[in-house]
Amino acid sequence: FVSKEEFKVGNIEDGSIQIQNFTEKQHVINHKKCTKCWSRNLCLGGCPFENYEQTGFMEKASPRYCSFTKKTNEEIVNFYLELTDNQKEMLFHR
């Protein structure tokens, strides 16, 4: 967003800052399209800049992104469910 004047969050010369509103808007709970999506806590609504470039809104991911992300997360969950307890221990043991 560096080159986009409408997303300016402050002024280094006078010390003003307005970042809170910008960051709150990005939280996935504020993405209307994501409210009923099972995958929203895994993708977090996508990259705000990519969303803006593709849809014109920071809080709206493109349908293509959503489809890809849901399918990817579904495959990851299925893979995890197929692991044995021993395999899980080997992969996730700290």
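Keep in mind the model is a prediction, meaning the values are calculated, not measured. (Residues numbered from 1 in each chain as written. Predicted model: local features only at pLDDT ≥ 70, side-chain atom pairs only at ≥ 80, totals over all residues. Heavy atoms only, no water.)

Another point: the side chain of N73. Locating N73 in the fold gives a position in helix α4 (residues 63–82). Discounting residues that sit within four places of it in the chain, N73 has contacts with W38, S39, L42 and C43. (Helix = DSSP H or I, 4+ residues; strand = E, 2+ residues; numbered from the N terminus. Contact = heavy atoms within 4.5 Å.)

Tallying each qualifying case throughout the model produces two salt bridges. One network of salt bridges, with partners in common, ties together K71, E74 and E75. (Salt bridge = Lys/Arg side-chain N within 4 Å of Asp/Glu carboxyl O.)

Turning our eyes to something else, we now look at the confidence of the model for the protein chain. Mean pLDDT over the protein chain stands at 86; residues scoring 70 or higher make up 95%. Mean pLDDT in the protein chain bottoms out at helix α1 (residues 19–26), which sits at 71, and peaks at α4, which reaches 94. (pLDDT = per-residue confidence, 0-100.)

With respect to the element layout, F7 can be found in the segment before β1 (10–11). Residues F7 and F22, 15 residues apart in the sequence, show an inter-C-alpha distance of 8.0 Å. Leaving out residues up to four positions away in the same chain, F7 has contacts with F1, F22, Y52 and M58.

Evaluation of the coordinates by the stated rule reveals one aromatic pair. The aromatic ring of Y80 is capped on one face by K88, whose charged end is 4.4 Å from the ring centroid. (Phe/Tyr/Trp six-rings, centres within 6.5 Å; stacked < 30°, edge-to-face > 60°. Lys NZ or Arg CZ within 6 Å of the ring centre and 35° of its normal.)

The next point concerns a nonpolar patch on the surface. Side chains of W38, L42, V77, F79, Y80, L81, L91 and F92 sit close together on the surface and give an oily, nonpolar patch of about 870 Å² of accessible area. At the level of elements, α4 and α5 (85–92) are the ones that each hand at least two residues to the nonpolar patch. Among the elements that line the nonpolar patch, the one with the most residues is α4, at four residues. Mapped onto the elements of the fold, L42 is located in helix α2 (residues 40–43). (Patch = residues over 30% accessible without salt bridge, like charges linked within 9 Å, V, L, I, M, F, W, Y side chains within 5 Å. Areas by Shrake-Rupley, 256 points an atom, 1.4 Å probe, with all protein chains shown as cover.)

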